[in-house]
Amino acid sequence: MTNGFSLPEALAFLQKANGIKQIWLAVLLKHLRGGRLLALSFAELGFSSDQVLQIELAESHGELAPTLKGLAKQMQLTQQQKENFFKAIAYPLVLLLFLLITLLSMRYFLLPQLLATGLLKKDNWAVTLVQATPVILISLGLVLVSAFCLWKAQMGQRSLITRFSWLVQLPLIGTLQKDYHSAYFALEWGKLFDQGLELNQIVACILATQKPSLMKELATELQINFQQGKELAPALQNYRFLRSEFSQIVLQGEASGQLGKELLTYSELIWRRFFTRLEFFCAWIQPLIFLLVALLIISLYVAMLLPLSNNLGGVL
């Protein structure tokens, strides 16, 4: 499309090149010929709601090719971070699973034999701890599942603004959420402002999108604020899922008349910070899991092997 191809021509070319799944291209071409929005076609192919919203907005302001290129870049970076994350946790998780199997084997096979020989006493705290291991694991699993189901039930009835305002209060996840939404909103609003659209036109453009989204809910609340005579920058200060300087960038951009360009520049900086923090997290996750495994191994030794060695010393 950047080289002058129309979207149907680009898809037809890709069909001949055999570089993308043919069924995807067939679905897109069928929908385009039927007059269906491109964003809805991408939604049917399994793209996320945020990605679909970006495409839908791009169809409104005409910057479809740059939006698709930007999405491709974001997806490549995200995929790279996912691969780094799984590489970092794969080996420690295998060790953790091995340790868990060892602990359960001691509980059901080794411990009964040691108790039968009299090397360990039933009233020993270590024996009690090892015997209670299955109960502890099952209870912990039930607590986690119950907490997740309770949170989902409570948050499922609330607005997206309420959900994300709660999520940003969590450590680490909250910081990443703020970076992501600030960069994402700045990017989309920056493109719309840079096209010369007025604020009311941008809000109307977002409200005209098909699927519910955080940006659409925010646009609804902003529209109410505008009707009450409130400005954009002060209204944005009330939303926790945006970084504190976001409203200041908007205020400065409105004063200088370069709001679109300033938002796009800010978006680029925050995207860079977002992926830097993801890399930092992936770099630290493996040592932390190794530390946890080491602590469990030491606890296992103290809980069972140390009393056993003491009893053997007393026998000798």
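Residue positions within a chain follow its written sequence, with the count starting from 1. Two thresholds apply to this predicted model, a pLDDT of at least 70 for residue-level local features and 80 or more for giving and counting side-chain atom pairs, whereas whole-chain, interface and lining totals are computed over all residues. Neither water nor hydrogens contribute to the side-chain values; these are computed over all heavy atoms in the structure.

1. A look at the layout of surface pockets
Short version of the rule: Here a cavity denotes a set of grid points, spaced 1 Å apart and computed over the protein atoms alone, in which a 1.4 Å probe fits but from which it cannot get out, and a pocket denotes an open set meeting protein on both sides within 12 Å along at least five of seven lines; residues with an atom within 4 Å of a point are reported as lining. Grid points are joined across faces, edges and corners, and a volume is the space filled by probe spheres set on the points. Strands are runs of DSSP state E lasting at least 2 residues, helices are runs of H or I lasting at least 4, and numbering of each runs from the N terminus. Lys, Arg, Asp and Glu make up the charged group, whereas Ala, Val, Leu, Ile, Met, Phe, Trp, Tyr, Cys and Pro make up the nonpolar group; the residues left over, Gly among them, are polar.
In this model, the largest pocket occupies a volume close to 810 Å³. Along the wall of the largest pocket there are 25 residues; nearest its centre are L11, L14, I20, F42 and L68. The set of elements that each furnish at least two residues to the lining of the largest pocket consists of α1 (7–17), α2 (22–33), α3 (38–44) and α5 (64–117). For the lining of the largest pocket, the leading source of residues is α5, giving seven residues. Split into classes, the residues belonging to the lining of the largest pocket amount to 21 nonpolar, three polar and one charged.

2. Side note on the confidence of the model for the protein chain
Inclusion rule: pLDDT: the predictor's confidence for each residue, scored from 0 to 100.
Scored by pLDDT, the protein chain has a mean of 81; 91% of the residues are at 70 or more. Averaged pLDDT values for the elements of the protein chain fall to 70 in helix α6 (residues 125–131) and rise to 89 in helix α13 (residues 246–256).

3. What about the pattern of salt bridges?
Filter applied, for reference: What makes a salt bridge here is a side-chain nitrogen of Lys or Arg within 4 Å of a carboxyl oxygen of Asp or Glu, nothing more. Relative accessibility under 20% of the residue-type maximum defines a buried residue, over 50% an exposed one, and the middle range a partly exposed one, all with a 1.4 Å probe and only protein chains included.
Throughout the structure, instances matching the rule amount to six salt bridges. Residues D179 and R243 are paired through a salt bridge, measuring 2.9 Å at the closest nitrogen-oxygen approach. Of this pair, D179 sits in helix α9 (residues 173–194) while R243 sits in the loop between α12 (232–236) and α13, and the two are 64 residues apart along the sequence. The two residues D179 and R243 agree in class, both being buried. Ionic pairing is found between E268 and R272, a salt bridge with its closest N-O pair at 3.1 Å. Note that E268 and R272 are positioned in helix α14 (residues 259–315) at a spacing of four residues, about one turn of the helix. Judged by its relative accessible area of 49%, E268 is partly exposed. A relative accessible area of 49% means that R272 is categorised as partly exposed. A network of salt bridges, in which partner residues are shared, links D179, R243, E245 and R277.

4. A closer look at the side chain of Q54
Heads up, the condition is: We call two residues contacting when some pair of their heavy atoms lies within 4.5 Å.
Structurally, Q54 can be placed in helix α4 (residues 49–61). For Q54, the contacting residues outside a window of four places in its chain are T67, L71, Q74, Y184, L187 and E188.

5. Side note on helix α7 (residues 133–156)
Quick reminder of the rule: By definition here, a helix of n residues has an expected span of 1.5 Å times n minus one.
Its 24 residues give α7 an end-to-end C-alpha distance of 34 Å, which sits within 8% of 34 Å, the value for a rise of 1.5 Å per residue. All buried positions along α7 are accounted for by T133, P134 and M155.

6. A look at the packing of helix α10 (residues 199–207) against helix α11 (residues 214–227)
A pair of packed helices is characterised by two quantities: the angle between their axes and the separation of those axes. What counts here: A fitted line through C-alpha atoms serves as each axis, taken over the contacting stretch for helices, and the angle formed by two N-to-C directions is quoted from 0 to 180°. Orientation labels follow simple angle bins: below 35 degrees gives roughly parallel, above 145 gives roughly antiparallel, 65 to 115 gives roughly perpendicular, and whatever is left gives oblique. Helix crossings are classified by the rotation of the near helix relative to the far one: an anticlockwise turn of less than a right angle makes the crossing left-handed, while a clockwise turn makes it right-handed.
Contact pair α10 / α11: the axes reach a minimum separation of 9 Å and the direction vectors enclose 140 degrees. In terms of orientation, α10 lies oblique with respect to α11. For the element pair α10 and α11, the recorded crossing hand is left-handed. Within the contact between the two elements, α10 uses L199, N200, V203, I206 and L207 and α11 uses M215, K216, A219, T220, Q223 and F226. Classifying every residue of the contact of α10 with α11 gives seven nonpolar, three polar and one charged.

7. Structural notes on empty space enclosed by the protein
Per the stated rule, a full pass over the model turns up two cavities of 30 Å³ or more. Taken as a whole, the largest cavity encloses approximately 50 Å³ of empty space. If you trace the largest cavity, you find it lined by W189, L199, I202, V203, I206, A219 and L222. Of all the secondary structure elements, the ones that give two or more residues to the lining of the largest cavity are α10 and α11. Split by residue class, the lining of the largest cavity holds seven nonpolar, no polar and no charged. Its volume calculated, the second largest cavity comes out at about 30 Å³. What lines the second largest cavity is S49, V52, L53, E56, K211, P212 and S213. In terms of residue class, the lining of the second largest cavity is made up of three nonpolar, two polar and two charged.

8. Some thoughts on the environment of E231
Inspection of the secondary structure assignment puts E231 in the loop between α11 and α12. E231 sits in the exposed class, given a relative accessible area of 53%. Residues E231 and I89, 142 residues apart in the sequence, show an inter-C-alpha distance of 46 Å.

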